[in-house]
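Overview (structure and organization)
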Amino acid sequence: MAATLRIQSDWNRALSRDEGEAWLSCRSPGKPTLYGSVTRRGLSSDGVLDIAASEGFVVGEVTKKSILISCPHENVSTKFLAPYTSFCRIHQKSITCLDISSGGGLGVSTSTDGTMKIWQAANGEIRRLLEGHVYDVNCCRFFPSGLVVLSGGMDAQLKIWSAEDASCVVTFKGHKGGILDTAIVDRGRNVLSCSRDGTARLWDCGKSACLGVIADCGSPVNGITVGTADNSLNLGTPEKPPSEREVGTEGKILLLAREDKKLQGVGLQSRQPVFLFVGSDAFNCCTFLSSTYILAGTQDGNIYQLDVRNTSAPIQVIHRSGAPVLSLLPYRDGFIASQGN
């Protein structure tokens, strides 16, 4: 398990002042945490911060947007990046979910302040306030068109919104508990949702109807994702011919991150189980790296990489800290993970 090097404050703000200071910590599993600090000594001739580290830490390359810090004792280094830009006025409290449209022009986000808003990705200007859910909104995402938003809330309702005029064009009802995550099949004629009620459901947007319960797990489903399965994978055969309203479900596998420590794969069209993997704690999120490889994150900080063709043992287990893994996103040849620390 790797050591984790952290700056314990907003270094971009802390070091912007003369003689500003930011705190450091380096934590390695099973060892005492090492503490230190970095201090601003001034500016170099080209306007870059002149920074010194306390004993046990070394400052490497410093630019206007990043600082490389290492802890030689633990053989670990981390590059800390300043935010490209910050939008401080969109929400009043913590952001719980966000998405960016396919064209990159718009963002949508939900917050513990009870609001869901659409905003300009370039400058943070609020464009629309989406109102209609009762209680908290847990998840939001753009359809591939970038003109429509899908959301799910603690009111057990799934809603589709126009990003152009903020109208709610469709409301799906059928879940018995709060909706925790959603997924969109292909271009969006069908969508998926998962809930605290333990089910994952497939919906027809055109008819505003539930096409079926894809899985009934008996335990809350915290996250889902849908992807194209590897050709060698047996997805099972539907017990009855699929509805003509199902579009793009053939050859797809649905991943379910479950509260009962299980990661499940289900054939989307067949509704048949493909695999069941038991992890160390509740699974919070999952994603596809390819048609073969998947990732899933747990409440106790593990990230499992699995091969869907053989899930008897993980390819690797990544553990950077004990903080919950809250979201995973493929990026280039790797992935981005967010944790609750």
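Residues numbered from 1 in each chain as written. Predicted model: local features only at pLDDT ≥ 70, side-chain atom pairs only at ≥ 80, totals over all residues. Heavy atoms only, no water.

A word on the overall build of the protein chain
- A tally of helices and strands in the protein chain yields one helix and 29 strands.
- Over its C-alpha trace the protein chain gives a radius of gyration of 22 Å, about what one expects of a compact globule, namely 20 Å for 341 residues.
- By its C-alpha atoms, the protein chain is 70 × 50 × 30 Å across when sized along the principal axes.
- Per-residue burial over the protein chain gives 47% buried out of 341 residues.
- At a minimum sequence separation of 6, the contacts of the protein chain that also span at least 24 residues come to 39%.
- In the protein chain, 34 side chains carry a positive charge and 33 a negative one; their mean positions are 2 Å apart. (Helix = DSSP H or I, 4+ residues; strand = E, 2+ residues; numbered from the N terminus. Rg over C-alpha atoms; globule rule 2.2 N^0.38 Å. Buried < 20%, exposed > 50% of the residue type's maximum accessible area, 1.4 Å probe, protein only. Contact = heavy atoms within 4.5 Å. Lys, Arg positive; Asp, Glu negative; His and termini not counted. Charge placed at Lys NZ, Arg CZ, Asp CG, Glu CD.)

Some points on the environment of R201
- Along the chain, the position of R201 falls in strand β18 (residues 199-204).
- The exposure class of R201 is buried, given its relative accessible area of 14%.
- Taking the C-alpha atoms as reference points, R201 and V213, separated by 12 residues in sequence, lie 4.5 Å from one another.
- The residues contacting R201, other than those within four sequence positions of it, are G174, H175, V191, L192, S193, C210, G212, V213 and I214.
- Polar side-chain contacts of R201 include one of 3.4 Å to the backbone oxygen of G174.
- One polar contact links R201 to T199, side chain to side chain, over a distance of 3.4 Å. (Polar contact = N/O pair within 3.5 Å; in protein donor to acceptor, adjacent residues only side chain to side chain.)

Some remarks on the sheet that holds strand β3 (residues 34-43)
- The four strands are arranged β1-β2-β3-β4 in an open sheet whose pairing can be described as antiparallel. Strands at the two margins of the open sheet, each flanked by one partner only, are β1 (4-7) and β4 (49-53). Each adjacent strand pair in this sheet contributes to an overall mean axis angle of 25°, direction not counted. (Pairing = 2+ DSSP bridges. Axes fitted to C-alpha atoms, helices over the stretch in contact; angles between N-to-C directions.)

Here's the deal with the sheet that holds strand β7 (residues 76-81)
- Strands sit in the order β5-β6-β7 across an open sheet of three strands; the sheet is antiparallel. Every other strand in the sheet has two partners, leaving β5 (58-62) and β7 as the edge strands with one partner each. Strand-to-strand twist across the sheet, computed as the mean angle between neighbouring axes with direction ignored, equals 20°.
- Bridge count between strand β6 (residues 66-71) and β7: six bridges; the pairing is antiparallel. Bridging across to β7, I67 finds its partner in F80.

Digging into the domain arrangement of the protein chain
- Once the domains are mapped, the protein chain shows domain 1 (4-84) and domain 2 (92-339).
- Taking only C-alpha atoms, the centre of domain 1 and the centre of domain 2 are 36 Å apart. (Domains from an automatic or database assignment.)

A short note on the UniProt feature "repeat: WD" (unreviewed entry) in the protein chain
- Feature annotation in UniProt assigns "repeat: WD" (unreviewed entry) to the following positions: residues 88-129, 130-171 and 172-204.
- The span residues 88-129 shows a helical share of 0% and a strand share of 50%, and its end C-alpha atoms are spaced 16 Å apart.
- End C-alpha atoms of residues 130-171 are separated by 13 Å, and the span's content is 0% helix alongside 52% strand. (UniProt positions renumbered as here; feature names shortened; annotations may be inferred.)

Some remarks on the nonpolar core
- Core analysis: the largest hydrophobic core is formed by 25 residues, its most contacted members being F172 and V191.
- Of all the elements in the fold, those that place two or more residues in this core are β9 (106-111), β10 (116-120), β12 (137-142), β13 (148-153), β14 (157-162), β15 (168-173) and β16 (179-185).
- It is β12 that provides the largest number of residues to this core, a total of four residues.
- For F172, the contacting residues outside a window of four places in its chain are A156, Q157, L158, I160, V191, W203, D204, C205, S208 and A209.
- Counting 20 residues, the second largest nonpolar core, distinct from the first, contains I7, F57, I69 and A82. (Core = buried A, V, L, I, M, F, W, Y, C linked by side-chain atoms within 4.5 Å.)

With respect to the packing of aromatic side chains
- Per the stated rule, a full pass over the model turns up five aromatic pairs.
- Ring centres 5.1 Å apart and planes at 40° place the aromatic pair F172 and W203 in the tilted group. Highlighted residues: F172 in strand β15 and W203 in strand β18, separated in sequence by 31 residues.
- Given the relative accessible area of 1%, W203 is considered buried.
- Ring geometry for F277 and Y304: centres 5.2 Å apart, planes at 70°, overall edge-to-face. With F277 in strand β23 (residues 273-278) and Y304 in strand β26 (residues 302-307), this pair connects stretches of sequence that are 27 residues apart. Pair check on accessibility: F277 and Y304 agree, each one buried.
- Pairwise contacts between aromatic rings join F277, F283 and Y304 into one cluster. (Phe/Tyr/Trp six-rings, centres within 6.5 Å; stacked < 30°, edge-to-face > 60°.)

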